[in-house]
Amino acid sequence: VVGSGVIDKSALSRVFRARGGALRSCYERQLKKNPKLGGKLIVQFKIGAAGRVTAARVAKDSVGSSAVGQCVISRIKSWKFPKPEGGSVSVSKAILFAPGS
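For the structure given in this document, a descriptive report is provided here.

Rules of the game
Residues numbered from 1 in each chain as written. Predicted model: local features only at pLDDT ≥ 70, side-chain atom pairs only at ≥ 80, totals over all residues. Heavy atoms only, no water. Helix = DSSP H or I, 4+ residues; strand = E, 2+ residues; numbered from the N terminus. Rg over C-alpha atoms; globule rule 2.2 N^0.38 Å. Contact = heavy atoms within 4.5 Å. Areas by Shrake-Rupley, 256 points an atom, 1.4 Å probe, with all protein chains shown as cover. Lys, Arg positive; Asp, Glu negative; His and termini not counted. Charge placed at Lys NZ, Arg CZ, Asp CG, Glu CD. Buried < 20%, exposed > 50% of the residue type's maximum accessible area, 1.4 Å probe, protein only. Salt bridge = Lys/Arg side-chain N within 4 Å of Asp/Glu carboxyl O. Phe/Tyr/Trp six-rings, centres within 6.5 Å; stacked < 30°, edge-to-face > 60°. Lys NZ or Arg CZ within 6 Å of the ring centre and 35° of its normal.

**Some points on the overall build of the protein chain**
So, point 1. Looking only at helices and strands, the protein chain has 2 helices and 3 strands in total.
So, point 2. Its helices and strands in sequence order give the protein chain the pattern α-β-β-α-β, from N to C terminus.
So, point 3. Taking 101 residues into account, the globule formula puts the C-alpha radius of gyration at 13 Å, and the protein chain, at 14 Å, falls close to it.
So, point 4. Viewed in the frame of its principal axes, the protein chain has a C-alpha envelope of about 45 × 20 × 20 Å.
So, point 5. Of the contacts formed within the protein chain by residues at least 6 apart in sequence, a portion of 76% connects residues at least 24 apart.
So, point 6. Of the accessible surface of the protein chain, which amounts to about 5,700 Å², a share of 52% is contributed by carbon and sulfur atoms.
So, point 7. The protein chain carries 19 positive and 4 negative side-chain charges, and their two centres are separated by 6 Å.

Following this line, the structure appears as structure tokens:
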């Protein structure tokens, strides 16, 4: 987490835990087409002063399907996070996907 603002890392984790099923569905939809999919997705996103995601991108993708990354980014862009103190923050988050996990 970097930027002019500060955000509680445990609050970030709570949002990801609460909404993780939405990211999992992105993966599972593509897993039906290719049962061998799996790997790590590193997403980078910026949380603005209001707690909304203002930008998001896939920084690294070893999952094997760009559709998973695109879906994950679209979901994260719709989430609301706690408002950072003192301005916006940039977050880098690794998400692991594996069949049956």
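Here the narrative resumes.
**A word on the environment of Ile76**
So, point 1. Position of Ile76 relative to the elements: it lies in helix 2 (residues 66–78).
So, point 2. A residue is classified by how much of its surface remains accessible, and Ile76, at 0% relative accessible area, is buried.
So, point 3. For the pair Ile76 and Val43, spaced 33 residues apart in sequence, the C-alpha to C-alpha distance is 9.3 Å.
So, point 4. Residues contacting Ile76, with those up to four places away along its chain left out, are Phe16, Leu23, Val43, Phe45 and Val53.

**Quick word on the pattern of salt bridges**
So, point 1. One pass over the structure, following the stated rule, counts 1 salt bridge.
So, point 2. Where Glu28 meets Arg24, a salt bridge forms, and the shortest distance between an N and an O atom there is 3.1 Å. In this pair, Glu28 and Arg24 both sit in helix 1 (residues 9–31), 4 residues apart, roughly one turn of the helix.

**Section: the packing of aromatic side chains**
So, point 1. In the structure shown here, the tally under the stated rule is 6 aromatic pairs.
So, point 2. The interplanar angle of 80° and the centroid separation of 5.1 Å between the aromatic rings of Phe16 and Trp79 together place this pair among those described as edge-to-face. Here Phe16 is found in helix 1, whereas its partner Trp79 is found in the loop between helix 2 and strand 3 (89–97), with 63 residues between them in sequence.
So, point 3. Aromatic pair Phe45 and Phe81: ring centres 5.5 Å apart, planes at 25°, arrangement stacked. Highlighted residues: Phe45 in strand 1 (residues 39–47) and Phe81 in the loop between helix 2 and strand 3, separated in sequence by 36 residues. Accessibility classification places Phe45 together with Phe81 in one group, the buried group.
So, point 4. An aromatic cluster is built from Phe16, Phe45, Trp79 and Phe81, whose rings are joined through pairwise contacts.
So, point 5. Positioned over the ring face of Phe16 is Lys93, at 5.0 Å from the centre of the ring.

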